[in-house]
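# Working through the structure, step by step
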Amino acid sequence: MSKFIVRKAAVLGAGVMGAQIAAHLANAGVQPLLFELAADGKDKNANARKAIDALRKLEPSPLATKSVADAIRPANYDEHLALLADCELVIEAISERMDWKKALYDKVGPHIAPGAIFASNTSGLSITELSKVLPERLRPNFCGIHFFNPPRYMRLVEIIPTAATEPAILDALETFLTTTLGKGVIRAKDTPNFVANRVGVFSMLATMHHTLAFDLGFDEVDALTGPAIGRAKSATFRTADVVGLDTMAHVVKTMQDTLPADPWHAHYQAPAWLSALIAKGALGQKTKGGIFTKKGKEIHVLDLAKQDYRLSAGAIADEVQAILKEKSPAAQFAKLRASPHPQAQFLWAIFRDLFHYCAVHLAEVAHCARDVDFAIRWGFGWSRGPFELWQAAGWQAVAGWIAEDIAAGRTMAKAPLPAWVTDGRAGVHGPDGSYSAADGKMHPRSALAVYGRQFFPETVLGEKPASRGTTIFEDEGVRMWHQGDGIAIVSIRSKMHSLGTEVLLGLNRAMDEAEANYDALVIWHEAPFAVGANLKAALESLKAGKFDEFETMVALFQKTSQRLKYCAVPTVAAVEGLALGGGCEFVMHSQRVVAALESYIGLVEVGVGLLPAGGGLKELAQQAQAWAKGGDAFPELGRLFKQVAMGEVSRSAMHAREMGYLKATDVIVFHPAELLHVAKAEARAMVESGHRPPLEPAGIPVLGDTGIATLRMMLVNMKEGGFISAHDDEIGTRIATILCGGAVEPGSLVDEKWLLDLERRHFVELAKSEKSQARIEHMLKTGKPLRN
């Protein structure tokens, strides 16, 4: 097909998934129409409007900014079917009822444009069966498209073709989902529940089965099956509550109804306790109670023996914890299998049965093992997929143990391992690709052009990683390197990319090198971008009374920010994840920023009893003047003051732009693996257009002592109301003083050096105080702010 551009998209069904898919399309700048059944009364769009209004209240928010909801247009099937003709993409997202979906297709089919892609967001129904009701002309453009909940945050989307789906349609859709919506795409076979739910739900069923078999509590199992084994914090039973116990049961029922010959069919049924909860209306998070429930501030868990809830207090036994800390996966699995402890035996059993299941079903459900591992990583939040875990633990040794347990009747099914498992292989992933049980070959990665934008895509275990370019220099703080195109890249090496003296010196050296020998400089590394200053080193200097050394470090920080802003070659920051404190200030000073949508940016220094001193307040003082309406900068300055004084962090890159941390010219991308590609393209465009750094402002108008007094009134009211402490008041007053340019006449003109000197003086004075040092120490010890 010709180039596929989606300007408008329709989402059919304004339920939880449909509305959130529409929200994410709107996040990406696609105009969404959200269809729902016509309401009674004058406003037939009332049902769709209600769903759009509900998006504004959801947490985590499906909206990159609250204003995005305004872009979603409500529609109904009685009045607006003709609007479908203008949509390049139509996504059906109604309830999982084959008869309802087919009836809807009869209604909308005649109105869908000939070149549009029509896709069903089913979680497991047969795409081929659904396609049979469509007009013949639409079948080549029809496929399944399975988003995971919540669609904004979950990386995985499965696309499922029928035999009639045009390959070019799949390529176009995969490209759109990858770059425009930021998704990780798996092409799944049209089998029940596709890849992720087929494997992931079985894993949950196996966990439920062995929970009862080993007489463990639900909270105990969640302690075992969360981050301790590289899975999401919600683990198993909390995940079931979040997904919805009724939804979980529905997916299981689909497997039961459609897989009668499956060796594990006897286990495709909801446990009796789960059915009982559903019958009582305890469906999990959406009904505020399921396997877990909240009583006041306490979390309680269902105790099957007592048939009642008790305080959740599950924990991992010390001896099992010791096994899980083993660095060698091979040693870890061997010890789990050998240990007599019920928790260890439980963990071996759930891994064993999962590996067994994946091996038997690989040929049926997935094109290759890579698809299974990425589907589980992206759809269920695991750090490694099942085949990766097996391969890391020693493929043939684990295969032998599984075979022994099958022979002994300890597995959930008696099916033998396929012959390819025990053919002497070391695993299913290697430098030449991943194994396909369907054709017995190793499948390389997709050659689709969109993946050329990902210089460093996620890899599976055993895959050859991409080259990291040619090193220019590398020291304790940074690595500077290039890819042979004249653009230098600098990557911070410190833990969590904290900004200590060694990093600051490295960045200055990189700018020297870039100005001398390269066209531009890009700051890029994996998330987080930077979490601020190195607090541990700062506290050590303060405790030792090395105040001159401390102030020198602050001055170096300010110099680095200013150099990013005024560097003779373009400086581009490629940002993903957290950019806090000094990290935010480097973002604000870079000449151009390319930020992933999921970037959380903010000046948070108040949380450790300090204030921004890397030029952040200087930049906001200028921003307030730029945003001033009718010459009055105070409303904007007041908003920015509150933002900093409260330590607010953006909820997305778009929100960061609204907060003044990103500029209107900065670029937002949706797929984080494309960050470096886009950042380098921006840098190259800046070079080719003759970009010059900004000129230093001759004079910055400030609000002076009148502005300080007005902002102080806000602090006094908060202090008298008991909302802030005396030390909070002092920090806030110092922030107000800097933003207003100090105790000068209103309207006075100051330069950047004046504001930087104010920042540095107030920062150092705060840092010397016992209360601020106590806050820093508390944050380092607990990871939480102290209010003293």
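Just so it is clear, the model here is predicted, and its values are computed rather than measured. (Residues numbered from 1 in each chain as written. Predicted model: local features only at pLDDT ≥ 70, side-chain atom pairs only at ≥ 80, totals over all residues. Heavy atoms only, no water.)

## Comments concerning the pattern of salt bridges
For the coordinates displayed, the defined rule picks out 57 salt bridges. Here glutamate 326 ties to lysine 335 by a salt bridge, and the two come within 2.3 Å at their closest N and O atoms. Here glutamate 326 falls in the partly exposed class, since its relative accessible area comes to 25%. Overall, lysine 335 belongs to the partly exposed group, its relative accessible area being 39%. Glutamate 458 serves as the salt-bridge partner of arginine 377, at 3.1 Å between the closest nitrogen and oxygen. Of this pair, arginine 377 sits in helix 14 (residues 369-380) while glutamate 458 sits in the loop between strand 14 (442-443) and strand 15 (470-474), and the two are 81 residues apart along the sequence. For arginine 377, a relative accessible area of 12% translates into the label buried. (Salt bridge = Lys/Arg side-chain N within 4 Å of Asp/Glu carboxyl O. Buried < 20%, exposed > 50% of the residue type's maximum accessible area, 1.4 Å probe, protein only. Helix = DSSP H or I, 4+ residues; strand = E, 2+ residues; numbered from the N terminus.)

## So, the packing of helix 6 (residues 196-213) against helix 14
The geometry of a pair of packed helices is captured by two quantities: the angle between their axes and the separation between those axes. Where helix 6 contacts helix 14, the two axes come as close as 9 Å, and the packing angle between them is 70°. When the interaxial angle is binned, helix 6 and helix 14 end up roughly perpendicular. Relative to helix 14, the crossing made by helix 6 is right-handed. On helix 14, the residues touching Ala196, Asn197, Val199, Gly200, Val201 and Met204 of helix 6 are Val372, Ala375, Ile376 and Phe380. (Axes fitted to C-alpha atoms, helices over the stretch in contact; angles between N-to-C directions. Parallel < 35°, antiparallel > 145°, perpendicular 65-115°, else oblique. Left-handed = near helix turned anticlockwise from the far one by under 90°. Contact = heavy atoms within 4.5 Å.)

## Regarding the sheet that holds strand 14
Across the sheet, 3 strands lie side by side as 12-13-14; this open sheet has antiparallel pairing. Single-partner strands in this sheet number two, and they are strand 12 (429-430) and strand 14. Relative to strand 14, strand 13 (residues 433-435) is paired through 2 bridges, and the arrangement is antiparallel. Residue pairing in the sheet places serine 434 in a bridge with histidine 443 of strand 14. Contacting strand 12, strand 13 and strand 14, helix 14 crosses the sheet at an angle of about 95° to strand 13. (Pairing = 2+ DSSP bridges.)

## Details of the packing of aromatic side chains
The geometry of two aromatic rings is summed up by the distance between their centres and the angle between their planes. Applying the stated criterion across every chain, the model contains 27 aromatic pairs. An angle of 75° between the planes, with centres 6.0 Å apart, marks the rings of phenylalanine 202 and tryptophan 264 as edge-to-face. Of this pair, phenylalanine 202 sits in helix 6 while tryptophan 264 sits in the loop between helix 9 (245-258) and helix 10 (272-279), placing them 62 residues apart in sequence. For the residue pair phenylalanine 202 and tryptophan 264, the accessibility class agrees, reading buried in each case. A ring pair is formed by phenylalanine 202 and tyrosine 357, whose centres lie 3.9 Å apart and whose planes are at 5°; its orientation type is stacked. (Phe/Tyr/Trp six-rings, centres within 6.5 Å; stacked < 30°, edge-to-face > 60°.)

## Description of the nonpolar core
Within the largest apolar cluster, 108 residues are counted, with the highest numbers of intra-cluster contacts made by Leu12, Ile291, Phe387, Trp390 and Trp420. Among the elements that line this core, the one with the most residues is helix 13 (residues 342-365), at 13 residues. Contacts of phenylalanine 387, omitting those with residues within four sequence positions, involve Cys358, Ala359, Leu362, Ala369, Val372, Asp373, Trp395, Trp420, Val428 and His429. (Core = buried A, V, L, I, M, F, W, Y, C linked by side-chain atoms within 4.5 Å.)

## A closer look at the sheet that holds strand 11 (residues 308-311)
Strand order in the open sheet formed by 3 strands is 9-10-11, with antiparallel pairing between adjacent strands. Edge positions in the sheet fall to strand 9 (292-295) and strand 11, since each has one partner strand and no second. Averaged over all pairs of adjacent strands, the angle between their axes in this sheet comes to 40°, without regard to strand direction. Both strand 9 and strand 10 (residues 298-303) contribute to a ladder of 4 bridges, which runs antiparallel. Pairing of threonine 293 across the sheet is with histidine 300, part of strand 10.

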